[in-house]
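Examination of the molecular architecture
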Amino acid sequence: MNTNKNMSEVKLMKGNEALAEAAIRAGCKGYFGYPITPQSEIIEYLAEVGRERGMVVMQVESEVAAINMVYGAAGAGARAMTSSSSPGISLMQEGLSYIACAELPCLVVNINRGGPGLGTIQPSQGDYFQAVKGGGHGDYHLIVLAPASVQEMADFVFDAFDLADKYRNPVMILADGALGQMMEKVQFKKYNPEEHKVDKLWATTGKEKSRERNVITSLFIQPEKMEQVNLHLMKKYKEIEKKEVRYELLETDDAEILLVAYGLSARICHRAMELAREQGVRVGMLRPITLYPFPYNALRSLRDNIKAALVVEMNAGQMVEDVRLGIEGKAHVEFFGRMGGIIPSPEEVFEKIMKLDARLSNMTLKDIITSEIRHSHVSYRSVRKKL
Amino acid sequence: MNEILTSAMNTAEILDGMECVWEKPETLVDVKMHYCPGCGHGVAHKVLMEVVEELGVQNETIGVAPVGCSVFAYNYMNVDMQEAAHGRAAAVATGIKRMLPDKYVYSYQGDGDLAAIGTAETMHAANRGENILVIFINNAIYGMTGGQMAPTTLLGMKTSTTPFGRDTESQGFPFKITDLIAQLPGAYYVTRQAVHTPNGVRKFKKAVQTAFQHQKEKKGYCLIEVVSNCPSGWKMTPVVSNKWMEENMFPVYPLGDLKLNGKLVND
Ligand SMILES: Cc1ncc(C[n+]2csc(CCOP(=O)(O)OP(=O)(O)O)c2C)c(N)n1
Ligand code: SF4
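Residues numbered from 1 in each chain as written. Chains lettered and ligands numbered in written order. Predicted model: local features only at pLDDT ≥ 70, side-chain atom pairs only at ≥ 80, totals over all residues. Heavy atoms only, no water.

Examining the site of ligand 2
Taken together, Tyr35, Cys36, Cys39, His41, Cys69, Asn139, Gly143, Cys230, Pro231 and Ser232 of chain B make up all the residues around ligand 2. Residues of the shell around ligand 2, tallied by class, amount to 6 nonpolar, 4 polar and no charged. (Near = heavy atom within 4 Å. Nonpolar A, V, L, I, M, F, W, Y, C, P; charged D, E, K, R; others polar.)

Given below as structure tokens:
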């Protein structure tokens, strides 16, 4: 029974459908996309129910066109979005760079599949670098949200549009094929887009006599001006890094081994953590929810109390680099990943934890830290204090 | 006019006693344009903005400037504008128009932008019958990047990337994309004009007026190709470039209407 007044009734939905439904409820006025597995349910759902609820829903000629239509629509002041999966997101990178520079708020959903190349349609986290480090040309960032359940697939859409409007910045929801396809219970929060509306005085809605013309551009031909634009963006990113970091901590109080995982792999780690705890191993978990901004500070406050971090990803080891940056050699960091669309099983991760635990108990703290130095660029001097 | 004389007189003195026959419209920003002397871009800008002013739709018009020499159009056109990535103007215009269906939306694109890198966006916007106006400046060359071959470059024409002239074997044929677009059911009004003579300017203006009227009535996609010159890229004086354009460009890209009120003209 639904007891929370601020939530709608409970529904059973696919992740992709829940995300699409949330987009309508968030007041998204324009969806532009091109079909690709495993996310075509988003455009299919919107085509069926979005139009009659006041949304422009367009299947267009390519992802290149789609992202540029989002540019136009967002520039015209509307909440706009697109969704795709890895190869399609690659095609959007030029557009995303323009959108980031022109500071247009919008939502881009990547239901990550295995790559590189045409790859596989199975779930993957191989687009982490592309999503959080920029992806297109130039210095810029997307805000990246990583849901781990169908409920979050819906919730993060509202947050994404609010964050996009607040910072005039593109926001990406980075999920994977499993989260898109799985069915779970979901409740939509009460959300009135009118109450979340911000003034978009910069939008190109037609020049009124009372104001100067609005120009949306990413072209600043004089280097001095271009540098100023970059500095302005950097300032904005600093603020985002200060205010918008989100993560979840599980059983970290007494943890000696810290699992670090996001999205689907966090769910798997959660189960593996339970299995290991049953064996008396003190395991905790950090689940980054914003991948950019990354929760470096959470790692900084945890690193002195843990012996090791085990980073689990569905890729060849991407987020592990950010974990190393957060831990700065103050604890041992290990990586476990499966690739190509293979989802690691909780048992596999459990086994990794047990092996790591066995090795750690034979190691002195000095061993642990010197082994970490071999794996990272941190100088010996910077960790000597701890020895 | 004598240089010594003009420098000695101020503008008011020069104008004293003269009849004002043309005033810069409010829709044109009062700044110097960066276009090369004799280039068709400036004239096309002026005419387009005159129409916006005469129709009184400055507050209802949104323009899209693509990458090309006209990327700076928003420095001159005093309407709300969006710069688009190279080739994507039709997609950006679509995004704007779909959100603001009662506003006038136009894009202003070069041949490289419209007919090479942006071919897909161009054709599909036309095929959807997107209710926008596309102004297509065909100067048969890439002006902005220094005179390389364009899809519309004539056979035998020398550019910096076809130093011995465009040959079909390696570069194919001049791309008559306007003719292709006219075939699409979504295209309602398709015409080819030039702006190098007063008569041409008048006709181009009429075409722009027609397209705005169609857009108001939600008739669908309108395309105005302007066969234009690029004195710098062609390495000619403005006068010679216009003559060369008439003699060489017009036979390949003949002026006139291709489609009126949704019907092909030569059918
Ligand atoms: C993706 C991308 N590729 C290439 C360029 C470089 N570029 C800028 S303008 C241009 C050609 C413009 O020619 P055209 O569209 O004919 O316009 P014109 O300058 O002749 O008016 C090129 C190739 C770019 N800006 N972006
Ligand atoms: S380079 Fe050519 S198209 Fe560009 S402004 Fe000069 S003459 Fe005009």
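Structural notes on the interface of chain B and chain A
The interface is formed by 37 residues belonging to chain B together with 36 residues belonging to chain A. When the buried area of chain B at its contact with chain A is split by residue, Asp80, Glu83 and Met99 of chain B rank highest and sum to 23% of it. Here chain B is connected to chain A by 3 salt bridges. Linking chain B with chain A are 18 residue pairs in polar contact (both at pLDDT 80 or more). Mapped by element, the contributors of at least two residues to the side of chain B that touches chain A are β1 (61-65), α4 (73-76), β2 (80-83), α5 (89-99) and α7 (119-127) of chain B. Here the element with the most residues in the side of chain B that touches chain A is α5 of chain B; it accounts for 7 residues. Residue composition of the side of chain B that touches chain A, by class: 17 nonpolar, 10 polar and 10 charged. In the sheet, strand β9 (residues 215-216) of chain A pairs with β2 of chain B via 2 bridges, with the strands oriented parallel. Residue pairing across strands places Ile216 of chain A opposite Gln82 of chain B, the latter belonging to β2 of chain B. (Contact = heavy atoms within 4.5 Å. Buried area = accessible area lost by both parts, 1.4 Å probe. Salt bridge = Lys/Arg side-chain N within 4 Å of Asp/Glu carboxyl O. Polar contact = N/O pair within 3.5 Å; in protein donor to acceptor, adjacent residues only side chain to side chain. Helix = DSSP H or I, 4+ residues; strand = E, 2+ residues; numbered from the N terminus. Pairing = 2+ DSSP bridges.)

Some points on the nonpolar core
If you look at the biggest cluster of nonpolar residues, it comprises 155 residues, and the most contacted ones within it are Leu259, Val323 and Ile353 of chain A. In terms of residue count, helix α7 (residues 150-167) of chain A provides more of this core than any other element does, 11 residues in total. For this core, the two domains that each supply at least three residues are domain 1 (11-243) and domain 2 (247-386) of chain A. Setting aside residues up to four positions removed in sequence, Leu259 of chain A forms contacts with Cys269, Met273, Val283, Gly284, Met285, Leu286, Leu310, Val312, Val349 and Ile353 of chain A. Grouped together as the second largest cluster of nonpolar side chains are 32 residues, Leu28, Leu48, Leu133 and Ile224 of chain B included. (Core = buried A, V, L, I, M, F, W, Y, C linked by side-chain atoms within 4.5 Å. Buried < 20%, exposed > 50% of the residue type's maximum accessible area, 1.4 Å probe, protein only. Domains from an automatic or database assignment.)

Structural notes on the side chain of Thr178 of chain B
All names here are of chain B. Along the chain, Thr178 falls in helix α9 (residues 177-182). There is a polar contact of 2.4 Å between the side chain of Thr178 and the side chain of Glu225. Not counting the four nearest positions on each side in its chain, Thr178 is found in contact with Phe136, Val190, Arg192, Leu223, Glu225 and Leu258.

Examining the pattern of salt bridges
In the structure shown here, the tally under the stated rule is 40 salt bridges over all chains. Across the pair Glu248 of chain A and Arg287 of chain A runs a salt bridge whose closest N-O atoms are separated by 2.8 Å. Of the two residues, Glu248 of chain A sits in strand β10 (residues 247-250) while Arg287 of chain A sits in strand β12 (residues 283-288), which places them 39 residues apart along the sequence. The class of Glu248 of chain A is partly exposed, set by a relative accessible area of 30%. Overall, Arg287 of chain A belongs to the buried group, its relative accessible area being 6%. Put simply, Arg128 of chain B and Glu130 of chain B hold a salt bridge, and the shortest N to O gap is 2.6 Å.

Let's talk about the side chain of Gln215 of chain B
Residues and elements named next belong to chain B. Of note, Gln215 is situated in helix α10 (residues 198-216). Polar side-chain contacts of Gln215 include one of 2.9 Å to the side chain of Lys97. Apart from the residues within four sequence positions on either side, Gln215 is in contact with Lys97, Lys103, Tyr104, Val105, Asn131, Ile132 and Leu133.

Comments concerning the site of ligand 1
Residues and elements named next belong to chain B. Ligand 1 sits among 17 residues. The nearest are Cys69, Asp111, Asp113, Gly143 and Met144. Within the side chain of Asp111, an N or O atom sits 2.6 Å from an oxygen atom of ligand 1. In the model, an oxygen atom of ligand 1 is placed 2.8 Å from a nitrogen or oxygen of the Gly143 main chain. Burial of ligand 1 by the protein amounts to 77% of the accessible area it has alone, namely 590 Å². The element best represented in the shell around ligand 1 is helix α6 (residues 111-117), accounting for 4 residues. (Areas by Shrake-Rupley, 256 points an atom, 1.4 Å probe, with all protein chains shown as cover.)

Things to note about unusual backbone geometry
All names here are of chain A. Looking along the chain, the bond that leaves Thr37 and enters Pro38 is cis, with omega of 5 degrees. With respect to the secondary-structure elements, Pro38 resides in the loop between β2 (30-33) and α2 (40-50). Of note, the amide linkage connecting Tyr292 to Pro293 takes the cis form, showing an omega dihedral of 0 degrees. Inspection of the secondary structure assignment puts Pro293 in the loop between β13 (290-292) and α11 (296-302).

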